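Close look at the chain arrangement
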Amino acid sequence: MEIRRDVFQAIADPTRRAILSLVAIQAMTPGSIAENFESSRQTISKHIQILTECELLEQQQNGREIYYHLNAKKMKEIADFIEPFRKMWDDRFNKLESIMKNYQPKK
Amino acid sequence: MEQKTKIKAENDKQDLVITREFDLPLDLLFKAYAEPEIVAQWMGTKVLKLENKKHGGYEFETSDPNGNVVFKANGTIHEFTLNERIIRTFEMENAPFAVQLEFLEFEKLTEETSKLTMQIVYKSPDLRDQMLKLPFEYGLNMAHNRLQEVVGKIVKG
């Protein structure tokens, strides 16, 4: 139960989702991941650490470099992996609803 | 608690269905999809083009506060039937995802409530799962929306 909660915390953060989507395409070093963000390397490496602790990322030693890749199995294990996707649409539709509730037709 | 927005995505299928019930009359719900200024508000994106007709097209673009474009999407409208149906394609630009096909059905439930059913068909089951698991472009978009809301509040005082 605790692990489950951690995984959701991990994927609730937009930066961490962005990291997951980057490494989903190809395995990357921490440096090359950090290049995609404006945050400091330390911040990104903290995010990577959290994702690794949740087993969403796996390390792979390649010569001197450590590469991170997506643990697809773990992603599949998250029964509710579609929750962020649902939440995204829910937020959007909530916004639509509140805008239209206040809608005044132009005359 | 019953969720207002539901996603149905069966294993190994290349489509998914999003349903949502709104506390809005049908015509207001449809209007939120038809009028560019309103689409821009709830999608949190700039609407460069929105031609609501068969063979029409649309273009969305979202920039970060520095003016860099972070999200760009376009599509073709295949059907636009007032208060009933929109069929369109959706393609994110500069993203490694194939174009998708969207069927939007608008239904009246009561005088004051309505329902949207949105079926999205992807190129492959893998692509669908990828889109489900990693709403990356959307994630950026949402972060941007939140930022805009905050900025909007500050500006309005």
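Look up: the structure comes first, before these words.
The following paragraphs examine the structure supplied in this document. (Residues numbered from 1 in each chain as written. Chains lettered and ligands numbered in written order. Predicted model: local features only at pLDDT ≥ 70, side-chain atom pairs only at ≥ 80, totals over all residues.)

Next up on the list: the overall build of chain A. Along the backbone of chain A there are six helices and two strands. When its helices and strands are written in sequence order, chain A yields α-α-α-α-β-β-α-α. Put simply, chain A has 107 residues, and 25% of those count as buried. Here the analysis covers contacts within chain A between residues at least 6 apart in sequence; of these, 52% occur between residues at least 24 apart. (Helix = DSSP H or I, 4+ residues; strand = E, 2+ residues; numbered from the N terminus. Buried ≥ 20, exposed ≤ 12 C-beta atoms within 10 Å, placed from the backbone. Contact = placed C-beta atoms within 7 Å.)

Here we take up unusual backbone geometry. Residues and elements named next belong to chain B. Positioned with a positive phi, histidine 55 is a non-glycine residue whose angle comes to about 70°. Exposure remark for histidine 55: the 9 C-beta atoms within 10 Å place this residue in the exposed category. Even without being a glycine, asparagine 83 presents a positive backbone phi close to 60°. Relative to the helices and strands, asparagine 83 is located in the loop between β5 (69-81) and β6 (85-92). In this structure asparagine 83 comes out as partly exposed when scored by C-beta crowding, with 15 C-beta atoms within 10 Å.

Between the first and last C-alpha of helix α2 (residues 14-25) of chain A there are 17 Å, a value that for twelve residues agrees with the 16 Å anticipated at 1.5 Å per step. Of the positions making up α2(A), those classed as buried are A:Arg16, A:Arg17, A:Ala18, A:Ile19, A:Leu20, A:Ser21 and A:Val23. (Expected span 1.5 Å × (residues − 1).)

As a further point, take the interface of chain B and chain A. As a measure of interface size, the accessible area lost when the parts come together is often cited. Taken together, the contact between chain B and chain A spans 28 residues of the former and 26 residues of the latter. Residue contributions to the side of chain B that touches chain A peak at six residues, all from helix α4 (residues 136-156) of chain B. The class makeup of the residues in the side of chain B that touches chain A is 20 nonpolar, four polar and four charged. (Nonpolar A, V, L, I, M, F, W, Y, C, P; charged D, E, K, R; others polar.)

To continue, consider the packing of helix α6 (residues 83-101) of chain A against helix α2 (residues 36-43) of chain B. Relative orientation of the contacting elements α6(A) and α2(B) amounts to 135°, with a least axis distance of 8 Å. When the axis of α6(A) is compared with that of α2(B), the two are oblique. Between α6(A) and α2(B) lies a crossing of right-handed hand. Between α6(A), through A:Arg92, A:Lys95, A:Leu96 and A:Ile99, and α2(B), the contact on the second element is made entirely by B:Ile38, B:Gln41, B:Trp42 and B:Met43. Here the contact of α6(A) with α2(B) is composed, by residue class, of five nonpolar, one polar and two charged. (Axes fitted to C-alpha atoms, helices over the stretch in contact; angles between N-to-C directions. Parallel < 35°, antiparallel > 145°, perpendicular 65-115°, else oblique. Left-handed = near helix turned anticlockwise from the far one by under 90°.)

To continue, consider the packing of α2(A) against helix α4 (residues 41-53) of chain A. Residues and elements named next belong to chain A. Where α2 contacts α4, the two axes come as close as 10 Å, and the packing angle between them is 75°. One element, α2, and the other, α4, form an angle in the roughly perpendicular class. Of the residues in α4, those in contact with Thr15, Arg16, Ile19 and Leu20 of α2 are His47, Ile48, Ile50 and Leu51. Within the contact of α2 with α4, the residues separate by chemical class into five nonpolar, two polar and one charged.

The next thing to look at is the sheet that holds β5(B). All names here are of chain B. Spatial ordering of the open sheet is given by β1-β2-β8-β7-β6-β5-β4-β3, a layout of eight strands whose pairing is antiparallel. Single-partner strands in this sheet number two, and they are β1 (5-8) and β3 (46-50). On average, adjacent strands in this sheet sit at an angle of 20° to one another, irrespective of strand direction. For β3 and strand β4 (residues 56-63), the ladder comprises four bridges, and the chain directions are antiparallel. Following the sheet pairing, lysine 46 is matched in β4 by glutamate 61. (Pairing = 2+ DSSP bridges.)

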